[in-house]
Amino acid sequence: MRIGIVCPYSFDVPGGVQNHVMDLAEALITLGHEVSVLAPADEDSPLPAYVVSAGRAVPLPYNGSVARIAFGPVSTARVRRWITNGDFDVLHVHEPLTLSLSLLAVLSARGPVVATFHTAMTRSRVLAAAQGVLQIVLERITARIAVSALARKVQVEHMDGGAVEIPNGVAVAKFADAKPLPGWPGECAPGSGGTLGFLGRFTEARKGFPVLRDAFVAMAATRPGLRLLVAGPGDPDDLYDQFPAELHERVTFLGLVTEPDKARMLRSVHLYVAPNTGGESFGMILTEALAAGTTVVASDLDAFRRVLDGGRAGRLFPTGDPLGLRDAVTDLLDDPAGRAALSACGDQVVANYDWPTVARRVVEVYAAAIEATDGRVIDQEWVGLG
C-alpha cells in the first residue's frame with residue numbers, strides 16, 4: 001500500500017503529534033508499506049528519508065500551547081505537488097482542523113482520506129472564523145480516527161460524525177531496553193531517598209509543574225535523599241527560581257532531550273509524576289513511562305485514568321492537589337512491592353499500545369476507507385487558499 005501521511009506541526013520542534021507520525025510511519029514501513037510523510041521543517045533540517053519538507057513553519061497559539069505550522073499559497077502548491085507525485089492509495093492527515101498542511105491536503109486530495117484527531121478541543125477563535133472551510137474539510141474525510149475517548153466524543157458531539165478510537169502507540173522495546181543515566185536513579189531507602197521525574201514544559205500552566213514543586217518541597221524536609229529530575233524546554237534559572245536555594249542541588253535539569261535520552265531519563269527515576277491539570281486527551285508520556293517499567297503517579301484526569309486502567313497500572317491523586325501528590329509519592333517510595341505490582345500491571349496495559357499492534361489497526365481503517373471510495377477519484381477543485 002502507498003501511504004501519504006501529513007503532519008501539521010514542524011519537525012524542527014519535538015512534540016507528541018510529530019513523534020506519533022514518525023513512529024507510525026516507521027511501523028508501517030516495517031509492515032511492508034511504502035510511506036511518505038509531508039511536514040513543515042527548515043530545508044537544512046536533518047530528516048528521516050521518508051520525510052519531505054514543506055518549508056519553514058511559523059508559530060501559532062493553539063490549545064494552550066504554541067504550534068509551529070505551515071499555511072498559505074506556497075504551502076498549498078507544495079502539498080498539491082507532493083500528492084500528485086506520491087500517487088497514494090490513501091492519504092492520512094493529522095489534526096486536519098488546524099490551519100495547517102493537513103487542512104490543505106484534505107482540500108487537495110483526490111482519493112480516500114483518513115484523518116486522526118489528537119486533541120479534545122471543541123472550539124477556538126481560529127476554528128470559528130474558518131467554519132465554512134472546515135465544513136468542507138469534514139465532508140471530504142473518508143474515515144476518522146480519534147486517539148482517545150475524549151477526542152472521539154468531540155467528533156460525535158461537535159463534528160457531526162463518529163471516529164474509530166485507536167490510541168497513540170509507543171515503541172515499547174526502545175523504552176524497556178534503555179539504560180539509566182549515569183548515577184541515577186540512586187537509593188530509595190524507606191523514609192529517605194527516591195527520585196521523581198517530570199518531562200514537559202514546566203512553565204506551561206496545564207502541565208501542573210507547580211503542583212509537583214510544592215509536593216517536592218514539602219517532602220524534601222523529611223526525605224534528605226529525595227531528588228527531582230526534570231527534562232523539557234525552558235530556562236534553567238526559571239526552574240531553579242521556583243525552589244528554595246538549599247534544594248537546588250537536589251533538582252537536576254536536563255533541558256530538551258532527544259528521544260533516546262527521554263527513554264533513558266524515564267529509566268532513571270523511581271516514580272514518573274504527571275501533575276497535569278487539564279487539556280489532555282490521552283497521555284502519551286504515561287505509556288512511555290510504563291514502557292520503561294517506571295511506576296507512574298498521575299493526576300486524576302479522565303484521559304490519565306483511562307490509560308492507567310482506573311489506577312491499576314499507576315497511582316492517581318486528586319488533580320491540582322500537592323498534598324494528595326505528596327501522600328501518593330511517599331506511600332510508593334516506601335513500598336517497593338507496591339511499585340512492583342503497579343509496574344507489572346503497567347506491562348500488561350502498555351502491550352496494547354505497542355506500535356506494531358496499533359499500526360495494524362490503522363491499516364484496517366485504511367483498507368475500509370479505500371473500499372468505501374471504491375477507487376473513485378474525487379473532484380477537488382477549490383479556490384481561495386491556493
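Cut-offs applied
Residues numbered from 1 in each chain as written. Predicted model: local features only at pLDDT ≥ 70, side-chain atom pairs only at ≥ 80, totals over all residues. Heavy atoms only, no water. Core = buried A, V, L, I, M, F, W, Y, C linked by side-chain atoms within 4.5 Å. Buried < 20%, exposed > 50% of the residue type's maximum accessible area, 1.4 Å probe, protein only. Helix = DSSP H or I, 4+ residues; strand = E, 2+ residues; numbered from the N terminus. Contact = heavy atoms within 4.5 Å. Polar contact = N/O pair within 3.5 Å; in protein donor to acceptor, adjacent residues only side chain to side chain. Patch = residues over 30% accessible without salt bridge, like charges linked within 9 Å, V, L, I, M, F, W, Y side chains within 5 Å. Areas by Shrake-Rupley, 256 points an atom, 1.4 Å probe, with all protein chains shown as cover. Salt bridge = Lys/Arg side-chain N within 4 Å of Asp/Glu carboxyl O. Lys, Arg positive; Asp, Glu negative; His and termini not counted. Charge placed at Lys NZ, Arg CZ, Asp CG, Glu CD. Axes fitted to C-alpha atoms, helices over the stretch in contact; angles between N-to-C directions. Parallel < 35°, antiparallel > 145°, perpendicular 65-115°, else oblique. Nonpolar A, V, L, I, M, F, W, Y, C, P; charged D, E, K, R; others polar.

With an unreviewed UniProt entry as reference, the chain is termed Phosphatidylinositol alpha-mannosyltransferase, source organism Micromonospora luteifusca.

**Points about the nonpolar core**
Most often, soluble globular proteins keep nonpolar side chains buried together rather than apart. Residues Leu266 and Leu286 are the most contacted members of the largest nonpolar core, which totals 34 residues. Of all the elements in the fold, those that place two or more residues in this core are α7 (172–176), β11 (225–231), α10 (259–266), β13 (271–274), α11 (284–291), β14 (295–299), α12 (302–307) and α14 (336–350). Examining the composition of this core, we find that five residues originate from one element, α11, more than from any other. Apart from residues lying up to four places away in sequence, Leu266 is in contact with Phe175, Tyr272, Ile285, Glu288, Ala289, Ala292 and Thr294. Membership of the second largest hydrophobic core comes to 31 residues, among which are Val21, Val51, Val90 and Val363.

**A few points about helix α3 (residues 101–108)**
Here α3 lies mainly inside the structure; eight of its eight residues are buried. Among the residues of α3, Leu101, Ser102, Leu103, Leu104, Ala105, Val106, Leu107 and Ser108 are the ones counted as buried. Taking the backbone nitrogen of Ser102 as reference, a side-chain oxygen 3.2 Å away marks Ser100 as the first, capping residue of α3.

**Remarks on a negative patch on the surface**
There is a patch of like negative charges on the surface, built from Asp235, Asp237, Asp238 and Asp241. Owing to a relative accessible area of 38%, Asp235 belongs among the partly exposed residues under this scheme.

**Here we look at the packing of helix α1 (residues 16–30) against helix α15 (residues 355–373)**
Two elements in contact, α1 and α15, have axes separated by 9 Å at closest approach and are oriented at 85 degrees. Between α1 and α15, the crossing angle belongs to the class labelled roughly perpendicular. Of the residues in α15, those in contact with His20, Asp23, Leu24, Ala27 and Leu28 of α1 are Trp355, Ala359, Val362, Val363 and Tyr366. By residue class, the composition of the contact of α1 with α15 is eight nonpolar, one polar and one charged.

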